[in-house]
Amino acid sequence: MTDLELQGGLLGQDQNQKSKTDSSKAKETWGNDIEFLFSCISLSVGLGNIWRFPYIAFQNGGGTFVIPYLIVLLIIGRPVYYLEILLGQFCGKGCIKAFDMAPVMKGVAAGQVLATTASITYYSSIMALTLRYLIASFSSVLPWSTCKPEWGPQCLEYTQQGENNTSNLNSSGTMSPAELYFEKEILHEYENINEGIGLPNWQLVGCLAASWLIIGGVLIRGVKSSGKAAYFLGVFPYVVLIVLLIRAVTLPGALEGIIYFFKPHWEELLNPLVWYAAVTQVFFSLAICFGTLITYASYNNFSRNVYNDILIITTMDSCSSIIAGCITFGILGNLAYQTGNTDIASVVKGGAGLAFISYPDAIAKFDFIPQAFAVLFFLMLFVLGIGSTVGMGSCIIRVVRDQFGHIANWPLALGLSVLGFTISIVYMCPGGQFILNLVDFYGVSFTALILAIGELLALGWVYGVKRFCEDIKFMVGIKTGLYWRLCWGLITPGLMLSVLIYTLLDLQPLTYKNVDYPTVAHVFGWCLAALGLLQLPGWAVYEYFQQNRDFSFKKKLRSIFKPSLEWGPQDANTNEEYQNYRKNLQASKSTAYKRIFGKAFENLFT
């Protein structure tokens with residue numbers, strides 16, 4: 001039985017009714033092509049580029065890390081980015097509706113939406129920390145530049161360090177003012193969460209409320225508003241990066257720091273940890289496999305050729321990471337020069353420590369108006385956070401609107417802001433960073449990798465690379481090259497599967513600052529991961545029971561592996577053209593390939 005025969009008796013009245021409904025809806029679109037480009041740049045160029053890439057690169061071979069990073073960018077990052085943009089533009093819907101192409105795998109999109117929801121809560125909490133530092137940057141003396149009496153002898157100022165270089169700080173039990181300010185004045189951080197996470201810090205809660213107010217304000221007006229905001233969100237960070245780069249390279253000792261950053265350790269190329277780090281960095285950097293890119297692309301004009309956009313966005317994303325690395329190690333090189341420290345590695349802290357300890361500590365030592373550079377730096381981080389969270393929020397709202405089209409945009413944006421703010425308060429507690437680390441690993445990083453593999457399998461083998469390339473030709477009139485076909489069907493899912501297997505084999509109990517979590521925290525974490533991963537079988541079963549009751553078990557099973565009746569371009573006229581296009585292709589389709597290897601060859605190469 002052919003696909004047309006399987007679906008033939010169902011297309012009639014339901015399809016006509018769907019076309020009338022779709023045609024009555026005015027599709028939201030970007031104001032122009034540039035808005036889409038800048039929106040994707042503001043989404044992809046985020047906090048991960050500024051504080052994660054420099055530290056990850058240094059930890060994994062310095063300049064050598066750039067090699068696997070660029071390779072992974074070419075065979076995972078760019079192909080998946082291109083795939084998601086094309087998929088969203090073709091169907092004109094949010095990420096869950098996009099999986100009407102393969103209903104059995106719709107749980108992949110549902111899991112990605114949950115991961116995006118978890119991400120937006122802790123991203124907003126980082127924005128709150130950034131805003132808190134931004135406000136403090138207007139002080140006549142930067143508050144993290146000097147010790148406070150209540151910190152006691154544990155605090156050691158730069159002027160007191162003298163011969164004692166920075167590498168001796170932690171080993172001697174003393175800490176810099178910047179580190180103590182972050183832990184004691186900003187976070188009021190607990191040593192562990194065995195007794196709970198404590199009560200929220202009202203100052204951070206206020207900054208969190210301001211952050212969500214801005215996020216909600218952009219989201220309420222929909223894609224038109226976020227598109228206009230993207231001009232600023234996409235450009236301003238680069239202006240600040242260039243200013244900071246110029247300042248960094250003119251500091252004494254900066255050149256040594258930059259050389260240290262790029263100094264290659266070739267033996268690291270054989271270390272699987274380096275390749276794992278490169279894959280995770282590309283995921284975080286480009287924001288792929290979270291549903292946000294599909295959502296943004298759904299607002300594009302149907303026939304737009306996005307190939308050049310993909311090249312521009314992914315190249316700018318990589319360049320921003322490299323620039324951030326040069327700034328980071330230029331500043332840290334200067335810090336090592338001033339303290340007489342020859343070991344630059346000792347002044348590096350990763351994650352939040354790089355953004356809120358190492359950078360502020362170095363900026364406080366600037367001779368010329370350190371407050372101005374602090375304001376620029378934290379304003380840049382805040383703007384980057386807005387760009388990322390607006391993209392995540394748009395994805396969540398679009399999924400709900402696809403299901404309940406009668407609901408206006410503003411109540412959904414308002415509801416998301418209130419709910420997001422309420423959940424994010426947990427990160428404003430003294431034990432909040434423990435929870436953030438827990439949610440990031442179990443609810444986002446771990447599940448995202450598995451769901452990403454599912455996305456590639458859904459499009460590459462359930463829907464089929466061959467059919468997807470036929471859709472691309474219908475949409476933009478170009479033939480897809482062999483490079484993209486092989487990446488989508490073999491290379492990208494194969495490498496990601498290898499990374500997943502390595503991750504599972506090397507899985508260690510999660511810690512935060514080398515502090516173990518209580519058992520209940522790990523139970524919560526695995527429940528969070530299960531919530532995302534159980535979407536896969538859950539949605540498959542749901543789609544099975546949504547099939548025609550008169551179908552046999554076998555026919556129902558086959559149906560959920562075929563595109564649903566709702567699959568296709570959103571515009572009614574374009575959809576009609578597409579259905580005729582598919583009929584003509586199927587009428588001329590060859591049946592020469594019968595065996596599995598022959599069908600696989602046909603899927604990738606014909």
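Residue positions are counted from 1 within each chain, in the order its sequence is given. Given that the model is predicted, a residue must reach a pLDDT of at least 70 before its local features are reported, and side-chain atom pairs must reach 80 or more before they are shown or counted; all residues, however, enter totals for whole chains, interfaces and linings. With hydrogens and water set aside, each side-chain value is computed from the structure's full complement of heavy atoms.

## Observations regarding the environment of Phe284
Here is step 1: Relative to the elements of secondary structure, Phe284 occurs in helix 14 (residues 272-286).
Here is step 2: Per-residue accessibility, obtained with a 1.4 Å probe over protein chains only, is compared with the maximum for each type, and a residue is labelled buried under 20%, exposed over 50%, and partly exposed between these values. Its relative accessible area of 23% is what places Phe284 among the partly exposed residues.
Here is step 3: Phe284 sits 236 residues away from Gly48 along the chain, and the two C-alpha atoms are 6.2 Å apart.
Here is step 4: Note on contacts: a residue pair is in contact if any heavy atoms of the two residues lie within 4.5 Å. Contacts of Phe284, omitting those with residues within four sequence positions, involve Arg52, Tyr122, Asp440 and Ser445. A run of DSSP states H or I qualifies as a helix once it reaches four residues; a run of E qualifies as a strand once it reaches two. Both are numbered from the N-terminal end.

## Concerning the packing of helix 7 (residues 106-136) against helix 20 (residues 432-476)
Here is step 1: The interhelical angle for the contact between helix 7 and helix 20, taken along N-to-C directions, is 150°, at an axis separation of 9 Å. If you check the angle between helix 7 and helix 20, you find them roughly antiparallel. The hand of the helix 7/helix 20 crossing is left-handed. Where helix 7 abuts helix 20, its residues Gly107, Val108, Gly111, Gln112, Ala115, Ala118, Ser119, Tyr122, Ser125, Ile126 and Leu129 lie against Gln433, Leu436, Val439, Asp440, Gly443, Val444, Leu451, Gly454 and Glu455. Fitted lines through C-alpha atoms give the axes, limited to the stretch in contact for helices. The angle between two N-to-C directions lies from 0 to 180 degrees. Angles are sorted into four bins: roughly parallel if under 35 degrees, roughly antiparallel if over 145, roughly perpendicular if 65 to 115, and oblique for all others. Definitions for this section: a left-handed crossing has its near helix turned counterclockwise from the far helix by less than a right angle. A right-handed crossing has that turn clockwise.

## A closer look at helix 25 (residues 572-587)
Here is step 1: Between its terminal C-alpha atoms helix 25 stretches 23 Å, which fits the 22 Å expected from 16 residues at 1.5 Å a residue.
Here is step 2: Within 3.5 Å is the distance limit for a polar contact, defined as a pair of N or O atoms, with the added protein rule that one can donate a hydrogen and the other accept it, and that residues adjacent in sequence qualify only through two side-chain atoms. Sitting at the amino-terminal end of helix 25 is Asp571, which places a side-chain oxygen 3.2 Å from the backbone nitrogen of Asn573. Expected helix span is given by 1.5 Å per residue-to-residue step, counting one fewer step than there are residues.

## Quick notes on the pattern of salt bridges
Here is step 1: The salt bridge criterion pairs a side-chain nitrogen of Lys or Arg with a carboxyl oxygen of Asp or Glu, the two atoms within 4 Å. The tally for this structure, following the rule as stated, stands at 12 salt bridges.
Here is step 2: In this structure, Asp100 engages Lys106 in a salt bridge whose closest nitrogen and oxygen atoms are separated by 2.6 Å.
Here is step 3: Judged by its relative accessible area of 2%, Asp100 falls in the buried class.
Here is step 4: Here Arg398 makes a salt bridge to Asp402, at a shortest N to O gap of 3.0 Å. With Arg398 and Asp402 both in helix 18 (residues 370-403) and 4 residues apart, this pair spans about one turn of that helix.
Here is step 5: For Arg398, a relative accessible area of 8% puts it in the buried group.
Here is step 6: Three or more residues are tied together by salt bridges with common partners; here these are Asp33, Arg304 and Asp309.

## Describing the UniProt feature "binding site: Na(+) 1" (unreviewed entry) in the protein chain
Here is step 1: UniProt positions are given in the numbering used here, feature names are shortened, and annotations may be inferred rather than shown by experiment. The UniProt record annotates "binding site: Na(+) 1" (unreviewed entry) at Val45, Ser285, Leu384 and Ser388. What stands out for the annotated residues spanning 344 residues is how close their C-alpha atoms remain, the widest pair being 11.9 Å apart.
Here is step 2: Structurally, the position occupied by Ser285 is in helix 14.
Here is step 3: Discounting chain neighbours no more than four positions away, the residues touching Ser285 are Ser44, Val45, Asn49, Tyr69, Asp317 and Ser321.
Here is step 4: Within the structure, Ser285 has its side chain in polar contact with the side chain of Asn49 (distance 3.1 Å).
Here is step 5: Mapping Leu384 onto the fold places it in helix 18.
Here is step 6: For Leu384, a relative accessible area of 2% puts it in the buried group.
Here is step 7: Those residues in contact with Leu384 that lie beyond four places of it in its chain are Ser42, Val45, Gly46, Leu47, Ile50 and Pro237.

## As for the packing of aromatic side chains
Here is step 1: Here a Phe, Tyr or Trp ring, Trp counted by its six-membered ring, pairs with any other such ring whose centre lies within 6.5 Å, and the pair is stacked when the planes are under 30 degrees apart, edge-to-face when over 60, and tilted otherwise. In this structure the tally under the stated criterion is 45 aromatic pairs.
Here is step 2: These aromatic residues form a ring-pair network of at least three members: Phe90, Phe302, Tyr463, Phe474, Trp567, Tyr578 and Tyr581.

## Observations regarding the state of the cysteines
When the sulfur atoms of two cysteines share a covalent bond, that bond is a disulfide.
Here is step 1: Pairs of cysteine sulfur atoms within 2.5 Å are identified as disulfides in what follows. In total, this model carries 1 disulfide according to the counting rule given.
Here is step 2: Take Cys91: it sits in no disulfide, and the sulfur closest to it among the cysteines is that of Cys95, at 9.5 Å.
Here is step 3: Left without a disulfide partner, Cys395 is nearest to the cysteine sulfur of Cys95, which lies 4.1 Å away.

## Some words on the nonpolar core
Here is step 1: The biggest cluster of nonpolar side chains holds 179 residues, and the ones touching the most others in it are Ile288 and Trp488.
Here is step 2: Ignoring anything within four residues of it in the chain, the contact list for Trp488 reads Pro79, Tyr82, Leu83, Leu86, Leu456, Gly460, Val465, Phe468, Cys469, Ile472, Thr480 and Pro493. Note on terminology: a nonpolar core comprises buried Ala, Val, Leu, Ile, Met, Phe, Trp, Tyr and Cys residues joined through side-chain atoms within 4.5 Å.

## Quick word on unusual backbone geometry
Here is step 1: Within the chain, Ala287 stands out as a residue other than glycine whose phi angle is a positive 60°.
Here is step 2: By secondary structure assignment, the location of Ala287 is in the loop between helix 14 and helix 15 (292-297).
Here is step 3: The backbone phi angle of Cys289 is positive, close to 65°, even though this residue is not glycine.
Here is step 4: Of note, Cys289 is situated in the loop between helix 14 and helix 15.
Here is step 5: Of the residues examined, Cys289 reaches a relative accessible area of 1% and is grouped as buried.

## Concerning the environment of Val399
Here is step 1: Relative to the helices and strands, Val399 resides in helix 18.
Here is step 2: Separated by 302 residues in sequence, Val399 and Lys97 place their C-alpha atoms 7.7 Å apart.

## Focus on a nonpolar patch on the surface
Here is step 1: Each patch is built from salt-bridge-free residues with over 30% relative accessible area, joining like charges within 9 Å and nonpolar side chains (Val, Leu, Ile, Met, Phe, Trp, Tyr) within 5 Å. The accessible surface values rely on the Shrake-Rupley method and a 1.4 Å probe; as for residues, cover is taken only from the protein chains in view. Taken together, Ile220, Trp410, Leu414 and Val418 make up a surface patch of nonpolar side chains, about 390 Å² in accessible area.
Here is step 2: Here the element with the most residues in the nonpolar patch is helix 19 (residues 409-424); it accounts for 3 residues.
Here is step 3: Counting through the fold element by element, Val418 comes out in helix 19.
Here is step 4: With relative accessibility at 49%, the residue Val418 sits in the partly exposed group.

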